[in-house]
Amino acid sequence: MTSLTRERRRIALPSISRGLVATTLLVLALLALAGWRGLAWQDARDRIADENAAAAAASAEVEGLIDISGATSDADMAKLLDGATADFRSELEAQADRLQKALAANKVKATGEAVSTGVVKLDGDRATVIVAATGTVQNKSTKAAEPRNYRLKIDLVRSDGDWLVSGLEFVA
């Protein structure tokens, strides 16, 4: 083999190697981009699922609170307590007896439903949801059920995969 042939081989090999390296780098960059976009898509799906679950838990608790009557207050109260964190549950239990007696004494019949929810904050295992609800209330002082509108701010904490209410307040 002559020195000229050897020189051509040395020149040809690096140009093939550069093309192969460039193609490999491009493929790796595209795979990294696809993986990054896939993770971002999964994060967005998880966030939407968390928002929906938190909103559903908040709605259920609000409906339990406004759909209560003197005749069924034990069962209604048990349902409320099931959706509460330990601390909030303690607060509810401290007031439950007084509330149940007032409901029975006043022959309260309240119905309602959540009509709109909005997650205003979602941070890991904590969420804040605003719930708008409508309902009716009838008691021994009224002849007919009177319409009511409610707006509540619900604080939630995820515990063992379930969203539980840790705080609840009526807002204007």
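Structure: above.
Residues numbered from 1 in each chain as written. Predicted model: local features only at pLDDT ≥ 70, side-chain atom pairs only at ≥ 80, totals over all residues. Heavy atoms only, no water.

1. Some thoughts on the pattern of salt bridges
Oppositely charged side chains can pair when the atoms bearing their charge come close. Taken as a whole, this structure holds seven salt bridges when the rule is applied. Note that Lys 101 and Asp 97 form a salt bridge whose closest N and O atoms lie 3.2 Å from each other. Placement of the pair is Lys 101 and Asp 97 together in helix H3 (residues 86-105), with a separation of four residues, close to one helical turn. On the basis of relative accessibility, which here comes to 54%, the residue Lys 101 falls in the exposed class. (Salt bridge = Lys/Arg side-chain N within 4 Å of Asp/Glu carboxyl O. Helix = DSSP H or I, 4+ residues; strand = E, 2+ residues; numbered from the N terminus. Buried < 20%, exposed > 50% of the residue type's maximum accessible area, 1.4 Å probe, protein only.)

2. So, the pairing of strand E2 (residues 126-138)
Of the pairings in the sheet, the one linking strand E1 (residues 109-123) to E2 comprises 13 bridges and is antiparallel in character. Opposite Ala 114, over in E2, you have Ala 133 as the bridge partner. Where E1 folds back on E2, the antiparallel hairpin that results is connected by two residues, among which Gly 124 adopts a positive phi of roughly 65 degrees. Where E2 and strand E3 (residues 146-159) come together, twelve bridges link them in antiparallel fashion. Paired with Ile 130 across the bridge in E3 is Lys 153. (Pairing = 2+ DSSP bridges.)

3. Comments concerning the sheet that holds E3
On the basis of which strands lie adjacent, the open sheet formed by four strands has the order E1-E2-E3-E4 and antiparallel pairing. Edge positions in the sheet fall to E1 and strand E4 (162-170), since each of these pairs with one other strand and no more. Taken pair by pair, the neighbouring strands of this sheet meet at an average axis angle of 30 degrees, ignoring direction. (Axes fitted to C-alpha atoms, helices over the stretch in contact; angles between N-to-C directions.)

4. Considerations on the layout of surface pockets
Empty space within the largest pocket amounts to approximately 250 Å³. Lining the largest pocket we find Leu 65, Ile 68, Met 77, Leu 80, Phe 88, Glu 91, Leu 92, Gln 95, Ala 96, Arg 98, Leu 99 and Leu 103. If you list the elements that add at least two residues to the lining of the largest pocket, you get helix H2 (73-82) and H3. Counting residues per element, the lining of the largest pocket draws most heavily on H3, which supplies eight residues. (1 Å grid on protein atoms, 1.4 Å probe; cavity = no way out; pocket = protein on both sides within 12 Å on 5 of 7 lines; lining within 4 Å. Points joined across faces, edges and corners; volume = space filled by probe spheres on them.)

Take it as geometry only, folks, not as evidence of what the structure does.
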